[in-house]
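The primary structure of each chain is shown beneath.
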Amino acid sequence: MSEEGIRLQKVLAAAGVASRRASEILIEEGRVEVNGEVVVEQGRRVNPETDHIRVDGARIPPARNHRYLVLNKPRGVVASMDDPEGRASLADYLPRGKERLFHVGRLDTPTEGLIILTNDGEFAHRLAHPSYKVPKTYLVEAAGVMDNKSLRRLEKGVTLDDGPIKADKVQLKARGQDRTLLEITIHSGRNRIVRRMMDTVGHPVDRLSRIAIGPVRLRNLQVGESRDLTREELGALLDLVGM
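Residues numbered from 1 in each chain as written. Predicted model: local features only at pLDDT ≥ 70, side-chain atom pairs only at ≥ 80, totals over all residues. Heavy atoms only, no water.

A look at the sheet that holds strand β2 (residues 32-34)
Okay, so step 1: With antiparallel pairing, four strands are arranged side by side in an open sheet as β3-β2-β5-β6. The open sheet is flanked by β3 (37-38) and β6 (58-59), the only strands paired with a single partner.
Okay, so step 2: Two strands pair when backbone bridges link them, and strand β5 (residues 53-55) and β6 are joined in this way by two bridges, in the antiparallel orientation. Within β6, the position partnered with R54 by the bridge is R59. (Pairing = 2+ DSSP bridges. Helix = DSSP H or I, 4+ residues; strand = E, 2+ residues; numbered from the N terminus.)

See the structure below:
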């Protein structure tokens, strides 16, 4: 770029990657890319809002004015910011602040687990849109002992009343007395999709928890707790949705 823009090392420092001096060392070592090009000269000017910056291959999102939260939604909580019937809603589990956040995608009331909230409208739209095929992973406790044929049906596809659907990945975790524990990864955003798939193969869901959206996982986030997305998580999601 010309004299327009911001020096690359300043952008890296503002994003929390390293101090300006340490960022200069990263550049000297050829570990920084801008729009796919390795940058080794100091003082390169960039536009952090439009240029894609990576360090060691990881996308570095710019310092942003928006808020991006992960909440481990408790079972029985309505996945909306308020409920006209007076039931517990997402707002009851979020830190008090001035931002007006909204949830991304669906998570029905009996389902617990990971939900992302933000005030970045374009990000939310893309993350929820099926064309970006953002994978979502669920931990499923199902009734009955599932045989391998039923597991393969989920992967090969089943037909529901609103069309065919298949899981991206199915991983058996455990078989017990009249129950099966498995992980299902799917990128569809259709309503109650995992529950309907399990009904179709004859093993209704007893308990369902979403444990991941793309690279974002619950890990040790306790039920009812929330946290900000990490820089690495946000960078990876921005890549997934083409921002």
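Read on for the rest.
Digging into the nonpolar core
Okay, so step 1: Judged by nonpolar contacts, the single largest core of 31 residues is most densely connected at V140, L154, L182, I184, V194, M197 and M198.
Okay, so step 2: If sequence neighbours within four positions are ignored, L182 has contacts with Y138, L139, V140, M146, L151, L154, V170, Q171, L172, K173 and M198.
Okay, so step 3: Among the nonpolar cores identified, the runner-up in size contains 19 residues, and V70, I116, L127 and L238 belong to it. (Core = buried A, V, L, I, M, F, W, Y, C linked by side-chain atoms within 4.5 Å. Buried < 20%, exposed > 50% of the residue type's maximum accessible area, 1.4 Å probe, protein only. Contact = heavy atoms within 4.5 Å.)

A short note on the environment of K136
Okay, so step 1: Structurally, the position occupied by K136 is in strand β10 (residues 136-143).
Okay, so step 2: Take K136: its relative accessible area is 11%, and that puts it in the buried class.
Okay, so step 3: Distance from K136 to P215, taken between C-alpha atoms, is 9.3 Å for residues 79 residues apart in sequence.
Okay, so step 4: Discounting residues that sit within four places of it in the chain, K136 has contacts with I184, T185, I186, H187, S188, R210, A212 and I213.
Okay, so step 5: A polar atom in the side chain of K136 sits 3.2 Å from the backbone oxygen of V134. (Polar contact = N/O pair within 3.5 Å; in protein donor to acceptor, adjacent residues only side chain to side chain.)

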